[in-house]
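# Commentary on secondary and tertiary structure
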Amino acid sequence: GSEKNPNASSRYHMDILSLIGTMIVWVTYPSYNNFYAPSFAQKAVAVNTLLSVLASSVSAMVFSAIFTGQFKLTVTDAQRSVIAGGVAMSSNANLVAEPYQALILGFLGGAACSFGVHKMRPF
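Residues numbered from 1 in each chain as written. Predicted model: local features only at pLDDT ≥ 70, side-chain atom pairs only at ≥ 80, totals over all residues. Heavy atoms only, no water.

## Focus on the packing of aromatic side chains
- Per the stated rule, a full pass over the model turns up five aromatic pairs.
- Measuring from ring centre to ring centre gives 4.8 Å for Phe35 and Tyr36, while their planes differ by 85 degrees; the resulting arrangement is edge-to-face.
- With a relative accessible area of 62%, Phe35 lands in the exposed category.
- Tyr36 sits in the exposed class, given a relative accessible area of 68%.
- Aromatic rings pair up to connect Phe63, Phe67, Phe107 and Phe115 into one cluster. (Phe/Tyr/Trp six-rings, centres within 6.5 Å; stacked < 30°, edge-to-face > 60°. Buried < 20%, exposed > 50% of the residue type's maximum accessible area, 1.4 Å probe, protein only.)

## Some points on the packing of helix α3 (residues 75-90) against helix α4 (residues 99-120)
- As a packed pair, α3 and α4 sit with axes 8 Å apart at the nearest point and diverge in direction by 135 degrees. Classified by the angle between their axes, α3 and α4 sit oblique to one another. Viewed along their axes, α3 and α4 form a crossing whose handedness is right-handed. For the pair α3 and α4, contact is made by Asp77, Arg80, Ser81, Ala84, Ala88 and Met89 and by Ala102, Leu105, Gly109, Cys113, Val117 and His118, respectively.
- Across the contact of α3 with α4, the residue classes break down as seven nonpolar, three polar and two charged. (Axes fitted to C-alpha atoms, helices over the stretch in contact; angles between N-to-C directions. Helix = DSSP H or I, 4+ residues; strand = E, 2+ residues; numbered from the N terminus. Parallel < 35°, antiparallel > 145°, perpendicular 65-115°, else oblique. Left-handed = near helix turned anticlockwise from the far one by under 90°. Contact = heavy atoms within 4.5 Å. Nonpolar A, V, L, I, M, F, W, Y, C, P; charged D, E, K, R; others polar.)

## What to know about the side chain of Thr22
- Here Thr22 lies in helix α1 (residues 12-34).
- Setting aside chain neighbours within four positions, we find Thr22 in contact with Ala78, Gln79 and Val82.

Purely geometric stuff here, so don't read any function into it on its own.
Following this line, the structure appears as structure tokens:
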């Protein structure tokens, strides 16, 4: 599979460049979700999106360390988790009203992302 291919492994300079892109996504993702939100809800949508991305990143790091068995954090898990939290929040950005719901949604998104990468990818 692709896991054994040496060209599929991460490289240091590419990881640094992709981390810069991840930071840009982290900062700009609330504006994507705010676009369709009504004007009175835009601040709440932005805060909920950032909380979701934060919870997704934390849960992906925790579950990644557990699933690898080496308790090792990788850059690619951080990159995937930012996208997972943002996507989980944008699916219902206008519906989530409370910050704790955004945290739960982001946590579940990061856990699902980490589970999919570490447990489902070999299939």
